[in-house]
Amino acid sequence: AGNEGPGDGSVGATLAYGRFITVGNASTGRDFTRFLDVAGPDPVPADLLGVPMAVGYIIPAIDADLGPLPLVIASELDGGANPDGCLPWSPGSLEGRVALVPRGNCAFTDKARSVADASGLAIVVANQTPGEGAFPMNGDPSPIPAVMVDLAAGDALGAWAVDHLDATLTLRTGLVPLLWPGD
């Protein structure tokens, strides 16, 4: 709602009201986002530090940094039988780890439940749509933290995990500036 009135949520004549709040907005070409860091093994390339992530609306709160935790690619588990995380994995196959899964083929919450049922601690969903960034996931409540990264970040995380079977990452609670293209 703007400050032009007379519709609901707007104010046309500010002196006619005893108390009110107005809100302004400006487009600055930047935003703040949460991020994750690949924690190891060293040396970690700069493009795997401060990776923007969208925290899903479906998750329990991430009150403190989570990690470093071992990272595994979904397609590497159980002989690659469940590459998108939509089916159950072997019990305990994700014990204490974070699973990297691609977006698609089932609900975000189904993916998160599959990870949790295999004793995983968190899930990173990689968006598969080129040019589309990460976004907060909706759905039924998730038993574990669930975050999304864009396609390029998902590809980079996957390549790192394939090349480094001891790869670890940390989900951060802090915010970093996210510049929009052209700014």
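See the structure printed just above.
Before going into details, it helps to say that this report is about the structure given with it. Keep in mind it's a predicted model, so treat the numbers as computed, not measured.

Criteria and cut-off values
Residues numbered from 1 in each chain as written. Predicted model: local features only at pLDDT ≥ 70, side-chain atom pairs only at ≥ 80, totals over all residues. Heavy atoms only, no water. Helix = DSSP H or I, 4+ residues; strand = E, 2+ residues; numbered from the N terminus. Buried < 20%, exposed > 50% of the residue type's maximum accessible area, 1.4 Å probe, protein only. Salt bridge = Lys/Arg side-chain N within 4 Å of Asp/Glu carboxyl O. Contact = heavy atoms within 4.5 Å.

1. Describing unusual backbone geometry
- In this chain, Gly 40 is followed by Pro 41 through a cis amide linkage whose omega measures 0°.
- Take Pro 41: it is sitting in the loop between β1 (30-40) and β2 (51-55).
- Residue Pro 43 follows Asp 42 across a cis peptide bond; omega there is -5°.
- By secondary structure assignment, the location of Pro 43 is in the loop between β1 and β2.
- With a phi angle near 45°, Asp 78 is a residue other than glycine that sits in the positive phi range.
- Assignment of secondary structure puts Asp 78 in the loop between β3 (66-73) and β4 (98-102).
- Accessibility expressed as a relative area gives 35% for Asp 78, which makes it partly exposed.

2. Overview of the pattern of salt bridges
- Per the counting criterion, the structure on display carries 3 salt bridges.
- A salt bridge links Arg 172 to Asp 37, with the shortest nitrogen-to-oxygen separation between them at 3.0 Å. Taken together, the residues Arg 172 in the loop between β7 (168-171) and β8 (176-179) and Asp 37 in strand β1 connect sequence positions 135 residues apart.
- Among the residues examined, Arg 172 registers a relative accessible area of 24% and is labelled partly exposed.
- The partner of Arg 103 in a salt bridge is Glu 132, and the shortest N-O contact between them spans 2.7 Å. Pair noted here: Arg 103 is in the loop between β4 and α1 (108-117) and Glu 132 is in the loop between β5 (122-126) and β6 (146-149), with a separation of 29 residues, a long-range link.

3. A few points about α1
- Residues Phe 108, Thr 109, Lys 111, Ala 112, Ser 114 and Val 115 constitute the buried set of α1.
- Close packing links the buried residues of α1 with β4, β5 and β6.

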